[in-house]
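Residue-level structural notes
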Amino acid sequence: MSPAVLAGRIAVRLVLGAALAAIGPAGAGASPATKAAGPEIPLPPVRDVTLPNGARLLLAERHDVPMISFMAYLRGGSVTDPPGREGVAALTGEMLRKGAGRWNARQLADAVDGVGAAFGVGSGMEVFYASGEFLARDQKLMLDLLRAVLREPTFPDSEFTKLRAQTVDGLKASKEDPGNVFRLYGNAYLFGGHPYGRPVGGDEETVAALTRDDVLRCYREQFGADRLILAVVGDFSAAAMERTLRAAFGDWGRAPAALPSVPEVPRVAGRRVLLVDKPDATQTYFVLANRGVEKTDPDRDVLAVANTAFGGRFTSMLNASLRTESGLTYGASCRLTPYSKGGSLSIGSYAKTESAGKAIDLALDILKRFRGKGISADMLSSSRNYINGQFPYELETSSQLAARLAADSFYGLGREEISGYPARIAAVDSAAVARVVARVYPDDQDLSIVMVGNAAALRDLARRYGKVREIPLSAPMIAALRALEGGAGGGSGAGSGSKAAR
């Protein structure tokens, strides 16, 4: 890291740290009204412009270091994958860097590496993205590359064939360690036939079947100015940057295809169990899940405090019980994964196969205790302080701020989502936590349960938790889940299964 960059990051930490310190120690005798009156996080002014073609530009000057960072989001992502073509959006996103404009893949990589920059592309559940960080003096190269990648990708056949083979190999190799994939199975089983149940990267069977024409079709249908949110942060003139970006993207047409309509995510009622067989496994990975919340849930700040205490940090209830006190595992957590129309709440951990029942039972007991008793005053205060202590480091670089601006804009959230966050966290009280826990966290009898391990050693255990469906880990995930009667065996229409526990 250069001295200039390091100095800039230290300066940002000092400014944000001072702002948080002024709030005072959360829970130290202050009333919620007093805590809520703390200062906002200082943000640079953001020039927010929407072009006639629908492209949105978020431009923030930050002159502490001579660098410029950007994050481009395009609405779409894997929710646009056609059935049987899962993974095409992910492959399309990766292919953006394999040739664009006047650059082939090698030339594009050399152009980025030659100026010591960073440039990335890809796809998520609901977005395609491109991100980068360049020295301010290389602004023209940065914008030329960004325009070419988004508007003029060439999708060379040789690069497509190579990337597809590498992706298939990677998907197969990832199954060698169930720790790489158990949450993917948990997600797929929970959401079932819902678009959020599709693995973003597809599986080895669906990706192997993709053609270059599939990628071209995805790009031609899903990319366009009306999908674009571009956040740029750093050492530049916002007015001049706007003019340049208008020239680069102002004449880009709209995406031809409509975005798919994504339904709300249903909740799981009762228990259902998926056993994923890896015969040589000596450990069992498990996920206990149900519907979570959407990104814009009105209780998202309260939920952040609640989940930090329950399963969001090393000293959480889950990790303390399963790892520190019982020694059953090296890690246990509860993840909240929000999307536009809902999300997941999933408890995940692993244990030696002979101890898997103890670990699952303990996790269920902690969930039941959490729903029944909530958290103590000390844990509430500690969680608020932990979140506000970590928050400055999430915004210390221009890259982090650009990413946050783009993401908040994507979900329709304003600047106060960042600036007022510490005060809102400091104002969370025990009554709010109790209300959110009761509303969001599932009853221990209403869960989608996935176990990945040696099925022969786990079948009797799995039956204790509900009706069991079973698939082999060696089989392609999507086809195996769809073979279960009633669809994907998950949150939207799970069936009884084609292979019940024996």
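Attention here is on the structure that accompanies the text. Given the structure is predicted, the values throughout are model-derived calculations rather than measurements. (Residues numbered from 1 in each chain as written. Predicted model: local features only at pLDDT ≥ 70, side-chain atom pairs only at ≥ 80, totals over all residues. Heavy atoms only, no water.)

1. A short note on the overall build of the protein chain
- Per the secondary structure count, the protein chain includes 20 helices and 14 strands.
- Once local pairs closer than 6 in sequence are excluded, the contacts in the protein chain between residues at least 24 apart make up 81%. (Helix = DSSP H or I, 4+ residues; strand = E, 2+ residues; numbered from the N terminus. Contact = heavy atoms within 4.5 Å.)

2. Observations regarding the nonpolar core
- Core analysis: the biggest nonpolar cluster contains 69 residues, and L288, F310, Y441 and M451 have the highest contact counts within it.
- In terms of residue count, the dominant contributor to this core is helix 13 (residues 356-373) (8 residues).
- Of all hydrophobic cores here, the second largest spans 54 residues; its members include L51, A136, V149 and A248. (Core = buried A, V, L, I, M, F, W, Y, C linked by side-chain atoms within 4.5 Å. Buried < 20%, exposed > 50% of the residue type's maximum accessible area, 1.4 Å probe, protein only.)

3. Some words on the pairing of strand 6 (residues 118-123)
- In the sheet, strand 6 pairs with strand 7 (residues 127-135) via 6 bridges, with the strands oriented antiparallel. Looking at the pairing, F119 lines up with G132 of strand 7. (Pairing = 2+ DSSP bridges.)

4. Thoughts on the environment of V265
- Mapped onto the secondary structure, V265 falls in the loop between helix 10 (238-249) and strand 9 (271-277).
- A sequence separation of 74 residues divides V265 from F191, and the C-alpha atoms of the two residues are 7.4 Å apart.
- If near-sequence neighbours (up to four positions away) are discounted, V265 is found in contact with F191, H194, Y196, R291, K341, G342 and G343.

5. Examining helix 12 (residues 317-325)
- By the burial criterion, the buried members of helix 12 are M317, L318, N319, A320, S321 and L322.
- If you follow the buried residues of helix 12, they end up packed against strand 10 (283-291), helix 11 (300-311), strand 11 (332-339), strand 12 (342-352), helix 13 and helix 14 (377-390).
- Just downstream of helix 12 lies G327, where phi reads positive at about 70 degrees.

6. Some points on the sheet that holds strand 9
- Within the open sheet, the 6 strands sit side by side as 11-12-10-13-9-14. Their pairing is mixed. Because the sheet does not close on itself, it has two edges, and the strands there are strand 11 and strand 14 (468-472). Adjacent strand axes in the sheet meet at a mean angle of 20 degrees, parallel and antiparallel pairs treated alike.
- The pairing of strand 9 with strand 14 spans 5 bridges and is classified as parallel. Residue V273 lies in a different strand from strand 14, and its bridge partner there is V468. (Axes fitted to C-alpha atoms, helices over the stretch in contact; angles between N-to-C directions.)

7. Notes on helix 10
- Under the 1.5 Å per step criterion, the end-to-end length of helix 10 is 16 Å for 12 residues, consistent within 8% with the ideal 16 Å.
- Buried within helix 10 are the following residues: A238, M241, E242, L245, A248 and F249. Taken down its axis, helix 10 places every buried residue within 130 degrees of arc, on the same side. The outward face of helix 10, more than 90 degrees from its buried face, is lined by the exposed residues R243 and A247.
- On its buried face, helix 10 is in contact with strand 1 (46-50), strand 2 (56-61), strand 3 (67-75), helix 5 (139-151) and strand 8 (228-234). (Expected span 1.5 Å × (residues − 1). Arc of directions from axis to C-beta.)

8. Observations concerning the packing of aromatic side chains
- Applying the stated criterion across every chain yields a total of 16 aromatic pairs.
- Between F310 and Y441 the ring centres are 5.5 Å apart and the planes differ by 80 degrees, which places this aromatic pair in the edge-to-face class. Of this pair, F310 sits in helix 11 while Y441 sits in the loop between helix 18 (430-440) and strand 13 (447-453), placing them 131 residues apart in sequence.
- The exposure class assigned to F310 is buried, which follows from its relative accessible area of 0%.
- Since its relative accessible area comes to 1%, Y441 is described here as buried.
- Ring centres of F391 and Y421 lie 4.8 Å apart, and the angle between their planes is 45 degrees; on these two criteria the pair is classed as tilted. Of the two residues, F391 is situated in the loop between helix 14 and helix 15 (398-410) and Y421 in helix 17 (residues 421-426); the sequence distance between them amounts to 30 residues.
- Of the residues examined, F391 reaches a relative accessible area of 1% and is grouped as buried.
- By the ring-pair criterion, three or more aromatic residues cluster together here, those being F128, F155, Y219 and F223. (Phe/Tyr/Trp six-rings, centres within 6.5 Å; stacked < 30°, edge-to-face > 60°.)

9. Here we look at the pairing of strand 3
- A large share of strand 3 lies buried, amounting to 8 of its 9 residues.
- Pairing between strand 3 and strand 7: 9 bridges, direction antiparallel. Directly across from M71, in strand 7, lies its bridge partner S131.
- Direction of pairing for strand 3 relative to strand 8: antiparallel, over a ladder of 7 bridges. Each bridged residue has a counterpart across the sheet, and for S69 the counterpart in strand 8 is V233.

10. Section: the side chain of S448
- Structurally, the position occupied by S448 is in strand 13.
- Take S448: its relative accessible area is 1%, and that puts it in the buried class.

11. Concerning the side chain of Q222
- Mapping Q222 onto the fold places it in helix 9 (residues 212-222).
- Among all residues touching Q222, those that are not within four sequence positions of it are R75, T80, F128, R227, A255, A257 and L259.

12. Description of the packing of helix 5 against helix 10
- Close contact between helix 5 and helix 10 brings their axes to 10 Å; oriented N to C, the two are set at 30 degrees. It follows from the interaxial angle that helix 5 and helix 10 lie roughly parallel. For the crossing formed where helix 5 meets helix 10, the hand is right-handed. For the pair helix 5 and helix 10, contact is made by Q139, L143, L146, R147, L150 and R151 and by M241, T244, L245, A248 and F249, respectively.
- Taken together, the residues of the contact of helix 5 with helix 10 sort by class into 7 nonpolar, 2 polar and 2 charged. (Parallel < 35°, antiparallel > 145°, perpendicular 65-115°, else oblique. Left-handed = near helix turned anticlockwise from the far one by under 90°. Nonpolar A, V, L, I, M, F, W, Y, C, P; charged D, E, K, R; others polar.)

13. Side note on the pattern of salt bridges
- Counted by the stated rule, this structure contains 27 salt bridges.
- Among the ionic pairs, E204 bridges to K175, the shortest N-O distance being 2.9 Å. A residue pair is termed long-range when its members are at least 10 positions apart, and E204 in helix 8 (residues 204-208) and K175 in the loop between helix 6 (157-174) and helix 7 (182-191) qualify at 29 residues. For the pair formed by E204 and K175, the shared burial category is buried.
- Connected through salt bridges with shared partners, the residues D297, D299, R435 and R439 form a single ionic network. (Salt bridge = Lys/Arg side-chain N within 4 Å of Asp/Glu carboxyl O.)

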